[in-house]
Amino acid sequence: MKKSFQIGGAFVGLIVGAGFASGQEIMQYFTSFGLMGVMGAIVATVIFAFLGMTLAQLGSDLQTTSHKEGIYYIGGRYMGPVLDILVTLVLFGIGVVMFAGSGSTFQQMYGIHPGVGSIIMVTATILTLLLNAENIMKIVAMLTPYLMGIIFIILMYSFFTMDYSISELDVMAKNQTPATTNWLMGAVLYVSYNIAAGAAMLIVMGSTEKDRKIAGRGGILGGIMLGALIVLINTALFVKMDVVAGTDMPTLELAKQIHPVVGLCMSIILLGMMYNTAVGMLYIFTVRFMSPHRKLFKPTVLLIGLVGFAVSLVGFTTLVGKLYSTMGYLGFVLILAVVITWLRNHKIAS
């Protein structure tokens, strides 16, 4: 069970860094649909749990150190190479975005120049990547319970300081700009662009466990924990809609409202989650080209980290917009391919 929680915690840590950090994505994909956002969160939980189980079990079956074999297995002879290239580019892109995002967070919270903040994150990422996958999993999973704890505190605060009725809050929530046209599409799209980033890491995490049942259980636990976080954050934002409407970082805004110390703790956890994502993405990107057991692995990590840092200083508004839309489309293709793979394997097994 300990190994399952480790895989599930690492899954959560990886996805949270990419999608949860500011609370802005939860606002756009769930809270902006009012009370129906809760239904969206439940749908997202089920899909995350299913995909987590299937991808982790696939990794356990294949016992691979690179996501390449898993992606080729899912995509087949023709789609495999296409998915491989797109997933690999997404991995590097998100890692770079985390470097840039951490620079902005350091500037906003601590008044440190964004370039210095990015250097701190790049250095921490490179040092971590020189460890093995087992250690990376432990580090990635470490912050997850603290995040869930502080989100629960924010939720309790939000409930006890709620100033408006449910119906009034529902109207306020629906006045926010949604990411898509309806709550169901919002839920599916949210899972879609996150799984484009998380699939590769899930396959590699699953390969660290030879028992496919334990690996699958870890994927399910990760999906359930992600769903619980979505529900908690969505509820906290909904009941304090009068406070968070129009803010860039809603969760941080609520944390600061409780007490400056809580805001500080939240900012540290958010940076930790960005770090988790940067480590996870760039590790999988590196092992796609170089085995972690080869002597050239460490110099390759250093080179990729430095290139990522250089790119993070260029300016990312257009790149981020294009990257996340690409991830959404890729995620749809991936989800379809994973479902087909699961049905195929299930049919063979029966």
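Residues numbered from 1 in each chain as written. Predicted model: local features only at pLDDT ≥ 70, side-chain atom pairs only at ≥ 80, totals over all residues. Heavy atoms only, no water.

Peer 1: Just to check I follow, could you spell out the environment of Phe 160 for this structure?
Peer 2: Mapped onto the fold, Phe 160 is located in helix H7 (residues 144–160). For Phe 160, a relative accessible area of 70% gives the class exposed. (Helix = DSSP H or I, 4+ residues; strand = E, 2+ residues; numbered from the N terminus. Buried < 20%, exposed > 50% of the residue type's maximum accessible area, 1.4 Å probe, protein only.)

Peer 1: Would you mind showing me how to read the packing of aromatic side chains here?
Peer 2: Here the structure, examined in full by the defined rule, presents ten aromatic pairs. Ring plane angle 55 degrees and centroid distance 5.5 Å describe the contact between Tyr 29 and Tyr 193, whose orientation is recorded as tilted. In this pair, Tyr 29 sits in helix H2 (residues 24–29) while Tyr 193 sits in helix H9 (residues 183–206), placing the two residues 164 residues apart along the sequence. Taken as a pair, Tyr 29 and Tyr 193 share a single burial class, namely buried. Ring centres of Phe 50 and Trp 342 lie 5.4 Å apart, and the angle between their planes is 80 degrees; this geometry places the pair in the edge-to-face category. With Phe 50 in helix H3 (residues 36–62) and Trp 342 in helix H15 (residues 317–349), this residue pair connects regions lying 292 residues apart in the sequence. Connected via pairs of aromatic rings, a cluster forms that spans Tyr 29, Phe 30, Tyr 190 and Tyr 193. Lying over the aromatic face of Tyr 73, Arg 344 brings its terminal NZ or CZ to 5.6 Å of the ring centre. (Phe/Tyr/Trp six-rings, centres within 6.5 Å; stacked < 30°, edge-to-face > 60°. Lys NZ or Arg CZ within 6 Å of the ring centre and 35° of its normal.)

Peer 1: How should I be thinking about a nonpolar patch on the surface in this particular structure?
Peer 2: A cluster of nonpolar side chains, contributed by Leu 35, Phe 152, Met 156, Phe 159, Phe 160, Met 162 and Ile 166, occupies part of the molecular surface with about 680 Å² of accessible area. In terms of residues, the nonpolar patch owes the most to one element, H7, which gives four residues. Residue class for Phe 152 comes out partly exposed when judged on its relative accessible area of 44%. (Patch = residues over 30% accessible without salt bridge, like charges linked within 9 Å, V, L, I, M, F, W, Y side chains within 5 Å. Areas by Shrake-Rupley, 256 points an atom, 1.4 Å probe, with all protein chains shown as cover. Salt bridge = Lys/Arg side-chain N within 4 Å of Asp/Glu carboxyl O.)

Peer 1: Where do I start with the confidence of the model for the protein chain in this structure?
Peer 2: Low pLDDT means the predicted coordinates in that region are not meant to be read closely. Taken over all residues, the pLDDT of the protein chain has a mean of 83, while the share at 70 or more is 91%. Across the protein chain, element-level confidence peaks in H3 with a mean pLDDT of 92 and bottoms out in helix H6 (residues 133–142) with 62. (pLDDT = per-residue confidence, 0-100.)

Peer 1: Would you mind going over the nonpolar core with me for this structure?
Peer 2: It is characteristic of soluble globular proteins that their nonpolar side chains tend to be buried jointly. Ranked by internal contacts, the top residues of the largest apolar core, which has 104 residues, are Phe 30, Ile 151 and Met 266. Looking at which element gives the most residues to this core, the answer is helix H13 (residues 260–289), with 16 residues. (Core = buried A, V, L, I, M, F, W, Y, C linked by side-chain atoms within 4.5 Å.)

Peer 1: Teacher, can you tell me more about the pattern of salt bridges here?
Peer 2: Pairs may arise between side chains of opposite charge once their charged atoms sit close together. A full pass over the atoms with the stated rule returns three salt bridges. The partner of Arg 212 in a salt bridge is Asp 61, with the nearest N and O atoms 2.9 Å apart. One end of the pair, Arg 212, is in helix H10 (residues 212–239); the other, Asp 61, is in helix H3, with 151 residues separating them in the sequence. Judged by relative accessible area, Arg 212 falls into the partly exposed class, the value being 38%. Lys 174 is the salt-bridge partner of Asp 170, the closest N and O atoms lying 3.2 Å from each other. Placement of the pair is Asp 170 and Lys 174 together in helix H8 (residues 166–174), with a separation of four residues, close to one helical turn.

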